Amino acid sequence: MAAIISSYICGPSFYTPTFQFPQVTAPEINSINDNTDPEHQWSRVLARKTNVKLGNSIRRIGGCEYLVVAGLSTDQLSYLTFPNDYNTIYIDSIEEIDIFLIHIADKHEILSCPESKLIEYLPLAINDSLILKIDENAHPSQIPHKNESGVVIIEETSTTSGVIAVNYAMSIGARVEQIEKIELNRYEIRSLIEDWKNGVPNAGNDLSAVIYPTIEHISFHKYDFATFFTHGVPFSLIIKNIIPVSHVHLHINPDFFIFNSIFFESHSEPYSAIVFSPKEFNDEETEYVIKCLEENEMHVKQLTGNLATVFNLDNHIQHYPYSVFHICSHGGEIEGHRITEELLDRDNRKHIIEYHEVITLGINPYEDSHPLSIKRFIKSFDGLKWRSKPLKESVPQYVFADILEGIGNGKELERTKISSINGSCNIKCHDHNYQAMFNYLAASHSPLVFNNTCWSWSDICDSFLGVGARGYIGTLWAVNNLVAKNSAELFYSNLFEGTILDAFYKCLSASNGTENENIYLYWGLHFSTAAKGISIPISRKIVLSKIMESIEIWRNKLAKTVNEKHMKTIKGIIEWMERTLVSDFKKELIAKMNEIRNEKDSEN
């Protein structure tokens, strides 16, 4: 359905914002006393978050002439709170598409193709202003090659993400190549990379043997850039960065990722940066990065040395407005435990669950309570591999919900220490390790993050991409310190001279000829840039105003909140931002107060 609708409302050289809504297991509950059954809790949380993000995105662009809501169930629709604000068209079936959209689409000619070929022929339909129509007996002509400057490669997917990727590619005039899905998950890819770097024979060849055949037909040297929409495959490593390469994750909100990249390219820039380093290395890039950012009139908040704590990092990541975040530290997987636990479901039946657990601590200098961050990676359930088909077919959904709700509180049968937990991720801080378990980013802005720690291309990057980063640079394995330093310095020396991708591509030369060649990977779009400030004093005033705006937003949320736990969280956020205003912007606050006082005096 999404492909056919796109053929009506999308066109070359412009992007029509397109979003996908998650599946839900139950309708919304409007009661204040929401005692959600754990079976539906996570479904509802995700749906509510998506509703808020959708509403905010549409409002950011000033609304829309038509809002098309297609293929959503009654349960899904129950979560949407904004359709009545717009001229909304509801479409429930493919048969209704033409009835409702033909009057708003200036298109009349038809391109017929089998249903299985809809996404394949969507680029041709958009480029030639044709309407897609399903005809299982049709044999459309081959899609002609044009002189495109870039190529967008899309891994096969059963979700709307593939359609969104095509729409984006056509909006920038790129060649579209659709390839088979790579049958490797991130942990299998990581294992092959680790084996390869450790000298295991043929490990590198095994990785390339799975991935390269899907793209070997593409003549990359003909293009200025390539963007891969992928399930998590580091294609830049496989093609050895022969041209500038970026990636977009098909599972981590590609719809909002594209929207944020386009919107924040020209709106609401904070002109500020955060540089984080516990100063773990004798020779590192931190001072150079700060100097380079300040030379480009960015306000730089330094979290270095003993200021590089878990508490400071977590709050600044979420609630400080910034355009760029640079991280220089140790990273990668950390130790934890393998735990076997016995739990009861609602029917009082026993179940055995095995999982890996990582616990880290963040010291709050303002309170006696210090929050724990706990990550659990489930391995098996009643002897069956977690997420396996046999498990899904034999266990009711409510049982999973009951067990996940009670995990950590059952009868512990076994606990074994493990030196490195597969899938764990961390940033080494001055006091403890940080696991990047956050829900907000940059006070609702969409920054670039350069995580110059080891193994930072996956897992930890999901947290940043999932809440709105429009660019993320990470490493594919353990990076040599000198290479990390030189790469970062080369990147920032070029960052404000062109696109982020240009600067990234140039920084790769710092690792050429070393064991770290092609170690860096960029999640982002080819056109994204980082804007210079006008002056540091002006940049500071902008950051100050954005923090004050954010405080007002949180106060309004607090006034509408009835859940005591949520109220406590919001109060903590407001208190942190107020402390930040006083500690970081005392001079500007005094000047602002004097300005207000002078205005009142002049009125009198």
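Everything numeric here is computed off the predicted structure, so don't read it as measured data.

Draft legend 1. Just the sheet that holds strand β13 (residues 350-361), in detail. Pairing is antiparallel in the open sheet, where five strands are placed in the order β15-β14-β13-β12-β16. In this open sheet, the two strands that pair with only one neighbour each are β15 (384-385) and β16 (411-418). Relative to β13, strand β12 (residues 336-344) runs antiparallel, the two sharing eight bridges. Residue pairing for β13: leucine 343 is matched across the bridge by histidine 351.

Draft legend 2. Representation of the packing of aromatic side chains in the model. Counting across every chain of the model gives 21 aromatic pairs. Pairing tryptophan 386 with phenylalanine 400 gives two aromatic rings, centres 5.6 Å apart and planes at 85°, and the pair type is edge-to-face. You can see tryptophan 386 sitting in the loop between β15 and α13 (389-394) and its partner phenylalanine 400 sitting in helix α14 (residues 397-406), a full 14 residues away along the chain. Note on phenylalanine 400: relative accessible area 11%, which makes it buried. Each ring, one from phenylalanine 491 and one from tyrosine 492, has its centre 5.0 Å from the other, and the planes form 85°; the classification is edge-to-face. Pair check on accessibility: phenylalanine 491 and tyrosine 492 agree, each one buried. Ring pairs connect the aromatic residues Phe19, Phe256, Phe259, Phe263 and Phe264, which therefore count as one cluster. Across the ring face of tryptophan 455, the terminal group of arginine 190 is positioned such that the distance to the ring centre comes to 3.8 Å. For the cation-ring pair, lysine 197 lies above tryptophan 196, with the distance from its terminal atom to the ring centre recorded as 4.4 Å.

Draft legend 3. How the structure looks around the nonpolar core. The biggest cluster of nonpolar side chains holds 141 residues, and the ones touching the most others in it are Leu132, Ile215, Phe220 and Phe491. With seven residues, the single largest contributor to this core is helix α6 (residues 161-171). Apart from residues lying up to four places away in sequence, isoleucine 215 is in contact with Ile153, Ile179, Phe220, Phe228, Phe235, Ile238 and Ile239. Formed by 14 residues, the second largest nonpolar core is a distinct cluster that contains Tyr355, Val395, Phe400 and Ile407.

About the criteria used
Residues numbered from 1 in each chain as written. Predicted model: local features only at pLDDT ≥ 70, side-chain atom pairs only at ≥ 80, totals over all residues. Heavy atoms only, no water. Pairing = 2+ DSSP bridges. Helix = DSSP H or I, 4+ residues; strand = E, 2+ residues; numbered from the N terminus. Phe/Tyr/Trp six-rings, centres within 6.5 Å; stacked < 30°, edge-to-face > 60°. Buried < 20%, exposed > 50% of the residue type's maximum accessible area, 1.4 Å probe, protein only. Lys NZ or Arg CZ within 6 Å of the ring centre and 35° of its normal. Core = buried A, V, L, I, M, F, W, Y, C linked by side-chain atoms within 4.5 Å. Contact = heavy atoms within 4.5 Å.

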